[in-house]
Amino acid sequence: MTTTPDQINHDLINHDLLRPVARASARFFLVVAMLGLVVLAGLSAWGYQLYSGIGVAGIRRPVFWGFYITNFVFWIGISHAGTLISAILRLANAGWRRPVTRCAEVITVFALCIGAMFPVIHLGRPWVAFWLVPYPNERGLWPNYRSPLVWDFFAINTYLIGSATFLILPIIPDFALCRDKFSGWRKTFYGVLALGWRGTQRQWHRLETAMHIMAIVIIPVAVSVHTIVSWDFAMTPVPIWHSTIFAPYFVAGAIFSGIAALIVAMVFLRHFLHLEEYLPTVCFENLGKLLLLMSLLWVYFVFAERLTIWYGNQPAEVAVLWLTQNGPYRYLFWTMVACNFLIPFPLLAIKKLRTITGIFVASITVVVGMWLERYLIIVPSLSRKFLPYAWGTYRPTWVEITITAATFAAMALLYVVFAKLVPIISIWELKVGMREESESSSSVGAVSRVRPTRSGRGEHETLAGVGFKNSQGVKL
Amino acid sequence: MSRTASLYTICPDAAVAQRTVDALLTAGARSEDITVISAEPFDRYEFGQHEESPLMPWLVVLGAILGGVVGFLLVSLTTKSYPIVTGGMPITPGWITGIITYELTMLAAILTTLLVLLLTAPLFRWRQGPYDVQVADGKILVGINPQRNLPDKVREVLKACQDRAERGPV
Amino acid sequence: MAHRWGMAVDLDRCTGCEACVIACRAENNIPTVGEEQAQKGRAIHWMRVERYYEGEFPDVRVKFQPVLCQQCDNAPCEPVCPTYASYHTNEGLNGQVYNRCIGTRYCANACPYTVRFFNFFNPAWDKPLHLQLNPDVSVRQVGIMEKCTFCVQRIKSAEIRAKEEKRELKDGEPAPACVQTCPPRALVFGDLNDPESEVSRLARSHRGVKLLGELGTQPKVTYLQRNEWNDNNT
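Now for a quick tour of the structure. Because the structure is predicted, anything quoted here is derived from the model rather than measured. (Residues numbered from 1 in each chain as written. Chains lettered and ligands numbered in written order. Predicted model: local features only at pLDDT ≥ 70, side-chain atom pairs only at ≥ 80, totals over all residues.)

### Thoughts on the overall build of chain B
Tallying secondary structure elements over chain B gives four helices and three strands in all. By the compact-globule yardstick of 15 Å for 170 residues, chain B is too spread out, its C-alpha radius of gyration being 25 Å. Projected onto its principal axes, the C-alpha positions of chain B cover 85 × 30 × 30 Å. Taking all 170 residues of chain B together, the buried fraction comes to 42%. In chain B, the share of contacts with a sequence separation of at least 24, taken over all contacts with a separation of at least 6, comes to 81%. (Helix = DSSP H or I, 4+ residues; strand = E, 2+ residues; numbered from the N terminus. Rg over C-alpha atoms; globule rule 2.2 N^0.38 Å. Buried ≥ 20, exposed ≤ 12 C-beta atoms within 10 Å, placed from the backbone. Contact = placed C-beta atoms within 7 Å.)

### Structural notes on the pairing of strand 1 (residues 5-10) of chain C
All names here are of chain C. Counting buried positions along strand 1 yields six of six residues, so the element is predominantly enclosed. Where strand 1 and strand 8 (residues 187-191) come together, five bridges link them in antiparallel fashion. Bridge pairing in strand 8 links alanine 8 to valine 188. (Pairing = 2+ DSSP bridges.)

### Considerations on the sheet that holds strand 2 (residues 34-37) of chain B
Sheets are built from strands that pair by backbone hydrogen bonding, the pairs being arranged parallel or antiparallel. Residue and element names in this part refer to chain B. Spatially, three strands are ordered 1-3-2 in an open sheet, and the strand pairing comes out antiparallel. With one partner strand each, in any of the chains shown, strand 1 (7-11) and strand 2 form the two edges of the open sheet. Sheet twist, expressed as the mean angle between neighbouring strand axes with direction ignored, is 20°. The pairing of strand 1 with strand 3 (residues 140-144) spans five bridges and is classified as antiparallel. (Axes fitted to C-alpha atoms, helices over the stretch in contact; angles between N-to-C directions.)

### Focus on the interface of chain A and chain B
One widely used convention gives an interface's size as the accessible area the parts lose upon coming together. At the junction of the two partners, chain A supplies 59 residues and chain B supplies 59 residues. Looking at the side of chain A that touches chain B, the elements that each hand over two or more residues are helix 1 (10-22), helix 6 (148-168), helix 7 (171-181), helix 9 (201-234), helix 17 (427-439) and helix 18 (459-466) of chain A. At 16 residues, helix 9 of chain A tops the list of elements feeding residues into the side of chain A that touches chain B. For the side of chain A that touches chain B, the per-class residue count stands at 27 nonpolar, 20 polar and twelve charged. (Nonpolar A, V, L, I, M, F, W, Y, C, P; charged D, E, K, R; others polar.)

### Digging into helix 11 (residues 281-312) of chain A
Along an α-helix, residues three or four positions apart point the same way, because every turn accommodates 3.6 residues. Residue and element names in this part refer to chain A. Here helix 11 is 32 residues long and its end C-alpha atoms lie 46 Å apart, about the 46 Å a rise of 1.5 Å per residue gives. Residues of helix 11 that are buried: Cys283, Phe284, Leu287, Gly288, Leu291, Met294, Ser295 and Trp298. For helix 11, the elements touching its buried residues are helix 10 (246-272), helix 13 (330-342), helix 14 (344-349) and helix 15 (356-383). Asparagine 313 sits one or two positions beyond helix 11 and adopts a positive phi of about 60°. (Expected span 1.5 Å × (residues − 1).)

### Notes on unusual backbone geometry
Here the amide bond leading from Ala121(B) into Pro122(B) is cis, since omega sits at -20°, within 30 degrees of zero. Looking at the element boundaries, Pro122(B) is found in the loop between helix 3 (94-120) and strand 3. Positive phi is not limited to glycine here, since His274(A) has a value of about 55°. Of note, His274(A) is situated in the loop between helix 10 and helix 11. The backbone of Tyr84(C) sits at a positive phi, close to 60°, despite the residue not being glycine. Looking at the secondary structure, you find Tyr84(C) in the loop between strand 3 (61-67) and strand 4 (86-88).

### Points about the interface of chain C and chain A
Taken together, the contact pairs 32 residues of chain C with 34 residues of chain A. Only helix 3 (106-110) and strand 6 (117-118) of chain C provide two or more residues apiece to the side of chain C that touches chain A. With four residues, the single largest contributor to the side of chain C that touches chain A is helix 3 of chain C. Tallied by class, residues from the side of chain C that touches chain A come to 20 nonpolar, eight polar and four charged.

Shown next, in the form of structure tokens:
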């Protein structure tokens, strides 16, 4: 047993957190196969759409955007999980975020990958989608920077590169750990991925500085991404879309749905990978409280927007408002309110109900509710614009439904494969956190701790002054 | 695996490693020749602090400014070179130039951070310097860059630490 | 001086015969999407005649309103197109460049008049109907937006002819198909930059209103309201 005087059991931690990476059970392959089938179905549906024309989807005049853009906004929204948890909590030095950061950052990267596919899937001519890239060409044209879709292109790419960097940088030391602990093909595989990491103090310093810089930079990028996505709608004179509230509304909704998705992922990980000790209840409780906060914020935004529209009494906007509350969309609307607020609120606010099961149920309903919210922002407004002669309806086809289901399966598949190849909890960060906790002289139960200031050379003498003993019971 | 030959000792924890580094420095070794390798960062120990460099954030700021300039030039020059009128808007609207400039500034900051990390950490230099798999178990490696004119006292101190490590903790 | 093309629609004269709709289809190679697609709301009609009923039987009045692309000066469809497929020409038209369109359908969402149409499938004409296609107008393929262009091919050919003959364009010389066809002459087309043209006079009429003018799109189609005396008849 390898313990250090600060009582970190390296062997145990390494064993527990590398166990999922070390071997793949039959259940893993079964899950991958099932998810892979659904993803394959989605890819076939998309192939059919490419071959037959975009008309096999349910979009029509006047509802020119439907399921695909709903999915686009939904998945980009889910991608805000990683940023909030990792970056903001990293900057706030909250200790309980340590086991959670990588789970969250993975969601961000994969949700972005999936979400960024939809602007291509929904195009009428996806084979020329590359015209959005600014490059000198023979057409004598650059992209129209005045279009929010071009802003989308820049913002989503920046966020994707940023969050991929944010994810991969702290994995490098864990890849080095895998390289040292495994043998055979895994040793070579992780050896390549570790990029020659040795763990010199200079490497650690550069890595931590890079992480700190990335945490500061990624937060405004994430805010700008969903703001720009919201401006896809707000920059048009469509009733209800043309609202200044859209930018903060979407960002808040994104963080809301992102935390819910994160909780769902963490509950599955905790159960299937037996990580009960490393994802303690307090992590879920804190995330549950954040989810409650975001739920209240969501209600605030929805109320503010609807009150303003109803009070302002502009005919076109009020028509759409009644369409969602009393008209054909009312079932979806009230389901959404129930899923986003009525069900999660008691589950998260009442301490007795705020168990892991309760938080899980609340998160699932929030994910469903937020998908409905995106749908209800897009479709009712388009179906009832200004001229009554041009009003219409929307009904999705099997192509859109299959592709939507396939994205959920793709997310799960990517996540499962990632958790199999990479330790899903950041091992070195966990150890640092445990070391910091045990080195402070406060009680065992405290979880979040402010990092003590560096006082220079004599720090270890201060520790000896606290009375540390090594495993043999000898004072240092 | 061939590696730049080096002298090192394995310390069971950070306090011992700090004492070893202090002893080596007292014996006459230079700070740049000492390498400390660990599986976690030890910012609060002195041996983890003298590799710090305040330059990195400024390099990132410089990269970000460059990215911003590129973004601004991209929008203003390209829209002016092929001016196309849309919706009564000016050819290069200020707000929109700002959005694209902002995104490219952030992208440049991210890429600069990555580049500076890759180049100055440095990564990809696996064979240079000592390494021992015991580091993965939480031990700390303290090594000396072997040179011909290494003071003998340094070698003695290192040998004493190695013996002590082999004998086990005191 | 450059031209600035505009149109006036006299709602007093419109009988709702929809000859303009058919003429537009014939001139601009507009595909017929079929019954199933039309039920889904995908029928393409660059010019449409909206029909509004007022009152109860037997006191019903029907109002007809031909709606086409308003060629707005502050077009909301133009800035949102990522590839400049929708842009403003220097003659004031809202141009649609089929080759640049990648089919995001953003312009269609932004248009408050819903006058933009999308090709959900590749259009097809059963033989021998393909022989009636107008060679002056390109046929659009799947994934491309289209809309009324004020028959820009007729405008261009009139301008070229006038240039060759070294003269100015006469008022009413370029006539879009709908304007040429309208039996009661409810549609008037011409140069708004020419203060003596008929369309300029009608645009200044006290009966003139702009459709959804409060949105600030500055459309170039002026609708002449029905006169009061019409409503006293039963």
